[in-house]
Amino acid sequence: AQTVTQSQPEMSVQEAETVTLSCTYDTSESNYYLFWYKQPPSRQMILVIRQEAYKQQNATENRFSVNFQKAAKSFSLKISDSQLGDTAMYFCAFMADSNYQLIWGAGTKLIIKP
Amino acid sequence: GAGVSQSPRYKVAKRGQDVALRCDPISGHVSLFWYQQALGQGPEFLTYFQNEAQLDKSGLPSDRFFAERPEGSVSTLKIQRTQQEDSAVYLCASSLGTSDYEQYFGPGTRLTVT
């Protein structure tokens, strides 16, 4: 069975700083996808960034980038130039290519301070 | 275009009552998912539909939970004889096709059982 672990329940940084959220996972699958989702207080889950495991290049989306270490089964999210609107719960999620279920971590509450 | 919508947004039920939660997926999306998110936790998979077929209901916690998608569009999650442990946010997500792994989420229904 797959598991996803987020070891940081809460993080807080000043606006404009860079912050890194950690995620590790465990799987015996060879083909899979990894995701970071953002859930603001309004509760709607929004996809931030995704990574296909077969791609060696780390995904980037504007201020968001990942550090994907396949051998270490690590998938961290870096947010550069953080903004007040980045305040939210961030969830790391895993999906095996042979399945369609998203397996979720417990989340990290990120607070951006003005 | 319109995203995934869910109704009601909030539902309070007395223990033992039956509830029905509705999900309107993005038009044309083949796949539909239900997740349960307890307070302070990541979501957990409940069930999956491909068009009108319920292909996986392994995550439904008990036989009090029932989901349907009779015409391959709108879906309803029904919980019979609600219990306090059913209190959670119920998230619906849809994706375009069976090979499209990006899921789009609705705002969720917060169910409180008193």
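Now for a quick tour of the structure. (Residues numbered from 1 in each chain as written. Chains lettered and ligands numbered in written order. Predicted model: local features only at pLDDT ≥ 70, side-chain atom pairs only at ≥ 80, totals over all residues. Heavy atoms only, no water.)

A few points about the interface of chain B and chain A
Listed as interface residues are 26 residues of chain B and, on the opposing side, 19 residues of chain A. Each partner contributes to the roughly 1,800 Å² buried at the junction of chain B and chain A, and carbon and sulfur atoms together form 51% of this total. Here chain B is connected to chain A by one salt bridge. The interface formed by chain B and chain A includes eight residue pairs in polar contact (both at pLDDT 80 or more). If one sorts the elements of the side of chain B that touches chain A by residue count, strand E4 (residues 31-37) of chain B sits on top with three residues. Looking at the side of chain B that touches chain A residue by residue, the classes come out as 13 nonpolar, nine polar and four charged. (Contact = heavy atoms within 4.5 Å. Buried area = accessible area lost by both parts, 1.4 Å probe. Salt bridge = Lys/Arg side-chain N within 4 Å of Asp/Glu carboxyl O. Polar contact = N/O pair within 3.5 Å; in protein donor to acceptor, adjacent residues only side chain to side chain. Helix = DSSP H or I, 4+ residues; strand = E, 2+ residues; numbered from the N terminus. Nonpolar A, V, L, I, M, F, W, Y, C, P; charged D, E, K, R; others polar.)

Focus: the environment of A:Trp36
Residues and elements named next belong to chain A. Among the structural elements, Trp36 can be located in strand E5 (residues 32-39). Classification of Trp36 as buried rests on a relative accessible area of 0%. The spatial distance from the C-alpha of Trp36 to the C-alpha of Phe64 is 9.9 Å, given a sequence separation of 28 residues. Looking at Trp36, its side chain comes within polar contact range of the main-chain oxygen of Phe75, at 3.3 Å. (Buried < 20%, exposed > 50% of the residue type's maximum accessible area, 1.4 Å probe, protein only.)

Some points on the nonpolar core
Residues and elements named next belong to chain A. Counting 27 residues, the largest nonpolar core has Tyr25, Trp36, Phe75, Leu77 and Tyr90 as its most contacted members. Breaking this core down by element, the ones donating at least two residues are strand E2 (10-14), strand E3 (19-21), E5, strand E6 (46-52), strand E8 (64-69), strand E9 (74-79), strand E10 (88-96) and strand E12 (108-113). Looking at this core, the element that brings in the most residues is E10, giving five residues. (Core = buried A, V, L, I, M, F, W, Y, C linked by side-chain atoms within 4.5 Å.)

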